[in-house]
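Architecture and fold: a report
For reference, the chains in residue letters:
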Amino acid sequence: MNFKTITIHLIAAARPNFMKIAPLYHALKKEKWADTIIVHTGQHYDLNMSDAFFKDLNLPEPDIHLGVGSGTHAEQTGQVMIEYEKVLLEHRPDMVIVVGDVNSTIACTLAATKVTYDLPHHSRGLRPLVAHLEAGLRSFDRTMPEEINRLVTDSLSDILWTPSPDGDENLKREGISEDKIIRVGNIMIDSLEMFREKIEKKAVYKEFGLKKHEYGLITLHRPSNVDEQNKLKTLCQLLCRIAGKIPLIFPIHPRTRKNLINYGLINVLNGFGKIVLLEPLSYVPFMNLVFNCSLVITDSGGIQEETSYLGIPCLTLRSNTERPVTIIQGTNQLCEISDIVMKVDKILSNNICLGSQIEFWDGKTAARIVESIEARINC
Ligand code: UD1
């Protein structure tokens, strides 16, 4: 093809982003017309929250590291904007791809849509094209920082790659022009399929003396579940009750660990032999635990999708989800904290859950994105 090379920035920031950029990075790398640069904002910086994922997902070291780190929402967002604007002005990418809904997603979108290149004949005009991957998801809950990040990112982006029809509908309802919306599917399923062999080779549960399909997996990090002392205490007590029925594995997010320690709750869980407490795991061992567990209790976004695809029952400890397709077509259920023991009992007594075929959740999303970029630069 007779394209000139375009420079694409892929923004990586926090744990849930890495498995979204990996398949796209690998697909773009094969294209002669794309010069793909990974920009890591540094929102997640611990070895086990970031570097280990790059290794598991066969990603190279980021080309550019903004080194921003933690802070309040305004501090983190502002700092990413300040640092990324400098990079934009120096590197002048043609396209910026942001993924998901974390603070760095909104920050890089704001920086890239407001920057002005001072080259009069820049190939793509005065600023880069901004594309949002995983666009259109809405929880309709504006107390979630991620919802604000989604709304702003989608309203500013030039290209909106959605995972499911509800995403398209949400964007249209918000008055976004239809020609910006392209349904490409769920990129996380690409990662899962790309690394399936590596994932299936392991048997991580054996390290803890557990058996296949005879344990539950827990992940918790949402402020609404883990920041308030009494709520977290109740949650710990209920997890201990569940562990009396089925052993649990709990890789603990840094936010949650900090709070468990500060509130003196870590010992409630620690003293309970059937809950295996771990540091956060990287992609392959974590997915191996998902593949082989009998149920998941979580407040994560992505795990609702992965369990739906794999046919594993998932209880989501939230009052809403931006991923309704996982409830309608998948294996996900929203769950009040007070109901979790009852719902776990139901799952354990009736452990039939079928994997779900959701359109475009097929491991070919990165290829559809590459096609959509080609079509865009070709016109
Ligand atoms: C962020 C995202 C959330 C995503 C989650 C997955 C936002 C608003 N939130 O939440 O959407 O689901 O990541 O993990 O962007 N910390 C460490 N080491 C790290 C990263 C964080 O110790 O590598 C600590 C921070 O100091 C902070 C806490 O964990 O105290 C929370 O980190 P932060 O990035 O603010 O938000 P998350 O809760 O991780």
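Look a little higher up for the structure.
Residues numbered from 1 in each chain as written. Predicted model: local features only at pLDDT ≥ 70, side-chain atom pairs only at ≥ 80, totals over all residues. Heavy atoms only, no water.

Turning our attention to the side chain of S191. By the element assignment, S191 lies in helix α7 (residues 187-194). Judged by its relative accessible area of 0%, S191 is buried. Setting aside anything within four residues of it in sequence, one finds S191 in contact with M19, A22, P23, L57 and Y283. (Helix = DSSP H or I, 4+ residues; strand = E, 2+ residues; numbered from the N terminus. Buried < 20%, exposed > 50% of the residue type's maximum accessible area, 1.4 Å probe, protein only. Contact = heavy atoms within 4.5 Å.)

Time to look at the site of the ligand. Contacts to the ligand come from 20 residues, most closely from Q43, H44, S70, E146 and K258. With respect to the ligand, the side chain of D46 contributes an N or O atom lying 2.8 Å from a nitrogen atom. At the level of secondary structure, the elements contributing two or more residues to the shell around the ligand comprise α1 (15-29), α3 (73-91) and α11 (254-262). (Near = heavy atom within 4 Å. Polar contact = N/O pair within 3.5 Å; in protein donor to acceptor, adjacent residues only side chain to side chain.)

What follows covers α3. Helix length check: α3, at 19 residues, gives a terminal C-alpha distance of 26 Å against a target of 27 Å (1.5 Å per residue), a fit within 8%. Every buried residue of α3 is listed here: Q76, T77, V80, Y84, V87 and L88. The arc that holds the buried residues of α3, viewed along the axis, is 100°, so those residues lie on one side. Seen from the buried face of α3, the exposed residues on the opposite side, beyond 90 degrees, are A74 and E90. Of the surrounding elements, those touching the buried residues of α3 are β1 (6-12), β2 (34-40), β3 (64-65), β4 (95-99) and α4 (103-114). (Expected span 1.5 Å × (residues − 1). Arc of directions from axis to C-beta.)

Ordered in space as β3-β2-β1-β4-β5-β6-β7, the seven strands form an open sheet in which the pairing is parallel. Every interior strand has two partners, whereas the edge strands, β3 and β7 (181-183), have only one. Direction of pairing for β1 relative to β2: parallel, over a ladder of seven bridges. Paired with I8 across the strands is T36, a residue of β2. The strands touched by α3 within the sheet are β1, β2, β3 and β4, with β1 carrying the most contacts at an inclination of about 165°. (Pairing = 2+ DSSP bridges. Axes fitted to C-alpha atoms, helices over the stretch in contact; angles between N-to-C directions.)

Next up on the list: the nonpolar core. Counting residues in hydrophobic clusters, the biggest one holds 64 residues, and the most contacted among them are I97, W161, Y283 and I373. No other element matches α1, which puts eight residues into this core. Beyond its immediate chain neighbours, meaning those up to four positions away, I373 contacts I6, I8, L28, W33, M95, I97 and W161. In terms of nonpolar packing, the next biggest core, distinct from the first, is built from 30 residues, I218, L220, L260 and L315 among them. (Core = buried A, V, L, I, M, F, W, Y, C linked by side-chain atoms within 4.5 Å.)

Sheet architecture is open: six strands sit in the order β10-β9-β8-β11-β12-β13, paired in parallel fashion. Because the sheet does not close on itself, it has two edges, and the strands there are β10 (275-278) and β13 (332-334). This sheet shows a mean twist of 20° between the axes of neighbouring strands, independent of strand direction. Where strand β12 (residues 314-316) meets β13, three bridges bridge the pair, whose relative direction is parallel. Bridge pairing in β13 places T316 opposite L334.

We now examine the packing of α1 against helix α17 (residues 365-378). Their axes nearest at 9 Å, the elements α1 and α17 cross at an angle of 55°. One way to sum up the angle between α1 and α17 is to call them oblique. For the pair α1 and α17, the crossing hand works out as right-handed. Facing P23, L24, A27 and L28 of α1, the residues of α17 in contact are A366, I369, V370 and I373. Split into classes, the residues belonging to the contact of α1 with α17 amount to eight nonpolar, no polar and no charged. (Parallel < 35°, antiparallel > 145°, perpendicular 65-115°, else oblique. Left-handed = near helix turned anticlockwise from the far one by under 90°. Nonpolar A, V, L, I, M, F, W, Y, C, P; charged D, E, K, R; others polar.)

As a further point, take the pairing of β4. Of all five residues in β4, five are buried, a share of seventy percent or more. Because side chains alternate across β4, one face comprises the buried residues M95, I97 and V99, and the other comprises V96 and V98, equally buried. Bridge count between β4 and strand β5 (residues 129-133): five bridges; the pairing is parallel. Opposite I97, over in β5, you have A131 as the bridge partner.

Orientation of α1 relative to α7, taken along the N-to-C sense of each, is 75°, at an axis distance of 8 Å. Accordingly, the angle class assigned to the pair α1 and α7 is roughly perpendicular. Each of M19, K20, A22, P23, L24 and H26 in α1 lies in contact with α7, whose residues at this interface are I187, M188, D190, S191 and M194. Of the residues contributing to the contact of α1 with α7, the split by class is seven nonpolar, two polar and two charged.

These results come straight from atomic positions and should not be treated as a statement about function.
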